[in-house]
Amino acid sequence: MISQKSKYALRALVALARAAPDEPVMIGQIAEEQDIPKKFLEQILLDLKHHGIVVSRRGKMGGYLLLREASDISFGEILRIIDGPLAPLPCLSRVAYQRCDDCTDEATCEVRRVFEKVAVATRGVLDTTTIADSLGAPAETFIARKLA
């Protein structure tokens, strides 16, 4: 399962993607519309800012904007920023590989073999589904299209 923090991050990015281009959205507005605690949202947006996903503008007409196009921000990228590796086992992680303590041979590990399929399918969907994709069609459409 993804964390609540990741869900909030994705919902905040969707809210920013829906906003008019070059029109900053105030953090309070996002928090209220998306039912996200404001202090928690501040931390999330700061993380996303440090990773080059959003930018903030100060002042009376300030707020947050997407720094990149919504079509260039994948769900997988955001989940990795907020929650870390997507892999269900440490021996399957691309960014934080670790050999499992109780494994004698990765090549013959039955558990790894099954979860490798899960990891590949999960990455396939999350790394090719963008914030822009989430704006229009129902989720079933995305899943069917990504797995086809």
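Since the model is a prediction, treat every value here as computed from it, not as a measurement.

Remember that side chains alternate between the two faces of the sheet whenever the strand is regular. One ladder, built from four bridges, connects strand E1 (residues 54-57) with strand E2 (residues 63-66); its direction is antiparallel. Considered in E2, the bridge of Val 55 is made with Leu 65. Hairpin geometry of E1 and E2 is characterised by an intervening segment of five residues between the two adjacent antiparallel strands and by a positive phi of about 100° at Gly 59.

Taken as a whole and judged by the stated rule, the model has six salt bridges. A salt bridge links Glu 77 to Arg 68; its shortest N-O distance comes to 2.7 Å. By relative accessible area, which is 23% here, Glu 77 ends up partly exposed. Across the pair Arg 99 and Glu 106 runs a salt bridge whose closest N-O atoms are separated by 3.9 Å. Residue classification places Glu 106 among the buried positions, given a relative accessible area of 17%.

Inspection of the secondary structure assignment puts Gly 76 in helix H4 (residues 75-83). A residue is classified by how much of its surface remains accessible, and Gly 76, at 0% relative accessible area, is buried. Sequence separation between Gly 76 and Arg 123 is 47 residues, and the spatial gap between their C-alpha atoms is 6.9 Å. With residues near it in sequence (within four places) discarded, Gly 76 still touches Leu 86, Leu 126 and Asp 127.

This next bit is on the packing of aromatic side chains. Taken as a whole and assessed by the stated rule, the structure comprises one aromatic pair. With centroids separated by 5.7 Å and ring planes inclined at 80°, the aromatic side chains of Tyr 8 and Phe 40 adopt a geometry described as edge-to-face. On the criterion of sequence distance, the pair formed by Tyr 8 in helix H1 (residues 4-18) and Phe 40 in helix H3 (residues 38-50) is long-range, its members being 32 residues apart. Among the residues examined, Phe 40 registers a relative accessible area of 25% and is labelled partly exposed.

Along H4, the residues classified as buried are Phe 75, Gly 76, Ile 78, Leu 79 and Ile 82. Buried residues of H4, seen end-on, are gathered within an arc of 160° and therefore sit on one face of the element.

If you trace the backbone, Thr 129 turns up in the loop between helix H5 (110-126) and helix H6 (139-147). With 123 residues separating them along the chain, Thr 129 and Ser 6 place their C-alpha atoms 15 Å apart. A distance of 2.7 Å separates the side chain of Thr 129 from the backbone oxygen of Val 125, its partner in a polar contact.

Unlike most non-glycine residues, Asp 22 shows phi in positive territory, near 60°. Mapped onto the elements of the fold, Asp 22 is located in the loop between H1 and helix H2 (27-34). Looking at Asp 22, the relative accessible area reads 64%, which means it is exposed. At Asp 35, a position not held by glycine, the phi torsion is positive, near 55°.

Relative to the elements of secondary structure, Ser 93 occurs in the loop between H4 and H5. For Ser 93, a relative accessible area of 9% gives the class buried. In terms of polar contacts, Ser 93 uses its side chain to reach the backbone amide nitrogen of Ala 96, at 2.8 Å.

Conventions adopted
Residues numbered from 1 in each chain as written. Predicted model: local features only at pLDDT ≥ 70, side-chain atom pairs only at ≥ 80, totals over all residues. Heavy atoms only, no water. Pairing = 2+ DSSP bridges. Helix = DSSP H or I, 4+ residues; strand = E, 2+ residues; numbered from the N terminus. Salt bridge = Lys/Arg side-chain N within 4 Å of Asp/Glu carboxyl O. Buried < 20%, exposed > 50% of the residue type's maximum accessible area, 1.4 Å probe, protein only. Contact = heavy atoms within 4.5 Å. Phe/Tyr/Trp six-rings, centres within 6.5 Å; stacked < 30°, edge-to-face > 60°. Arc of directions from axis to C-beta. Polar contact = N/O pair within 3.5 Å; in protein donor to acceptor, adjacent residues only side chain to side chain.

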